[in-house]
Amino acid sequence: PAGRKEDKRGVRVPRLRTSAAVAPRALPSAAAMTAGVETVTTLNIRNLPRKMSAADLVKELELYMPREAFDFVYVPWDKKCSNNMGYAFVNFVDTACSARASCMMDGQDWHMGIRSRSVKIMPAHLQGLSANLQRFADSDEEMDDLQMPLVFVNGRELALKAALSCLLGVYPTKAQEATSDIHDGVTTCGDEEDGGATSS
């Protein structure tokens, strides 16, 4: 038949079908992404640029989703030098948010810092906000601002000491000072309970 080609041995070569465009692969639904991983809300994010702080990572996360989607961001820092350890832990408010973050960010280049590094994501060993906060409640180690995790409630930053006392109901060393020993603009437990109003 016309249009059919033959090789040197006279064997017909099948025609390849071509299409004008290849349809992009659709992102899986939240239900599909969370199937079988119902308990995964905390992700271990690796390959961080070594100068990236927790605050920097928050800005990177906000390129993909609103701040209300996560409530805990921790970037371990190397005390011997001014670099992080190359990984971080982020807890999301539910499995749908963590699944979408993993789907959108894994394998992508960092927008901040060294772009030759790509984001690597896997489930963290500790899961949930309470479990991640507990590790700091059990520790007497003093940390400066750079080493502290960031905690959020409905997108508003909550001081770590206040988070330990309010969310866990525990009072580690000096935690009783949570409502007085915080930075300006950081939410306290009282702010969340009464909408920021103060009683006289």
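Criteria and cut-off values
- Residues numbered from 1 in each chain as written.
- Predicted model: local features only at pLDDT ≥ 70, side-chain atom pairs only at ≥ 80, totals over all residues.
- Heavy atoms only, no water.
- Helix = DSSP H or I, 4+ residues; strand = E, 2+ residues; numbered from the N terminus.
- Buried < 20%, exposed > 50% of the residue type's maximum accessible area, 1.4 Å probe, protein only.
- Contact = heavy atoms within 4.5 Å.
- Areas by Shrake-Rupley, 256 points an atom, 1.4 Å probe, with all protein chains shown as cover.
- Salt bridge = Lys/Arg side-chain N within 4 Å of Asp/Glu carboxyl O.
- Core = buried A, V, L, I, M, F, W, Y, C linked by side-chain atoms within 4.5 Å.
- Arc of directions from axis to C-beta.
- Phe/Tyr/Trp six-rings, centres within 6.5 Å; stacked < 30°, edge-to-face > 60°.
- Lys NZ or Arg CZ within 6 Å of the ring centre and 35° of its normal.

Undergrad: Could you give an account of the overall build of the protein chain, naming the residues involved and the relevant values?
TA: Within the protein chain one finds six helices and 10 strands. Counting every position in the protein chain, which comprises 200 residues, the buried fraction comes to 38%. Across the protein chain, every contact between residues at least 6 apart in sequence was considered, and the portion connecting residues at least 24 apart equals 66%. Accessible area for the protein chain stands at about 12500 Å²; split by element, carbon and sulfur atoms hold 50% of it.

Undergrad: I'd like to hear about the pattern of salt bridges, residue by residue, with values.
TA: Under the defined criterion, the tally for this structure stands at one salt bridge. In this structure, Arg-67 engages Glu-62 in a salt bridge whose closest nitrogen and oxygen atoms are separated by 3.0 Å. Owing to a relative accessible area of 34%, Glu-62 belongs among the partly exposed residues under this scheme.

Undergrad: Lay out the nonpolar core with the relevant residues and their values.
TA: Ranked by internal contacts, the top residues of the largest apolar core, which has 27 residues, are Ile-45, Leu-57, Leu-61, Phe-70, Val-73, Val-90 and Phe-92. Those elements giving two or more residues to this core turn out to be β3 (42–46), α2 (54–61), β4 (70–74), β7 (87–92), α3 (95–105) and β9 (150–153). Broken down by element, this core gets its largest block of residues, four residues, from α2. When near neighbours in sequence (up to four residues on either side) are disregarded, Phe-92 contacts Thr-41, Leu-43, Leu-61, Met-65, Ala-69, Phe-70, Asp-71, Cys-97, Ser-98 and Ala-101. Of all hydrophobic cores here, the second largest spans 16 residues; its members include Phe-89, Ala-124, Leu-133 and Leu-164.

Undergrad: Hey, could you go over helix α4 (residues 129–137) for me, with residue numbers and the actual values?
TA: For α4, the set of buried residues is Leu-129, Asn-132, Leu-133, Phe-136 and Ala-137. Buried positions in α4, seen along its axis, are confined to an arc of 150° and lie on one side of it. Structurally, α4 contributes buried residues whose contacts are with β3, β4, β7, β9 and α5 (160–167).

Undergrad: Go over α2 with me, naming the residues and quoting the values.
TA: Taken together, the buried positions of α2 are occupied by Ala-54, Leu-57, Val-58, Glu-60 and Leu-61. Along the axis of α2, the buried residues cluster in a sector spanning 160°; they form a single face. Buried residues in α2 make contact with β3, β4, β7, α3 and β9.

Undergrad: Tell me what's going on with the packing of aromatic side chains, and back it up with residues and numbers.
TA: Tallied over the full model, the rule gives six aromatic pairs. On the numbers, 5.8 Å between centres and 90° between planes, the contact of Phe-70 with Phe-152 is edge-to-face. Here Phe-152 lies in strand β9 and Phe-70 lies in strand β4, a separation of 82 residues in the sequence. With respect to burial, Phe-70 and Phe-152 carry one shared label: buried. Relative to Phe-136, the ring of Phe-72 has its centre 6.3 Å away and its plane inclined at 50°; by these criteria the two rings are tilted. Of the two residues, Phe-72 is situated in strand β4 and Phe-136 in helix α4; the sequence distance between them amounts to 64 residues. Both residues of the pair, Phe-72 and Phe-136, belong to the buried class. Here a set of aromatic residues connected by ring pairs shows up, and it is made of Phe-70, Phe-92 and Phe-152. Over the aromatic face of Tyr-87 sits the side chain of Arg-46, whose NZ or CZ is 5.5 Å from the ring centroid.

As far as function goes, none of this settles anything; it's purely spatial.
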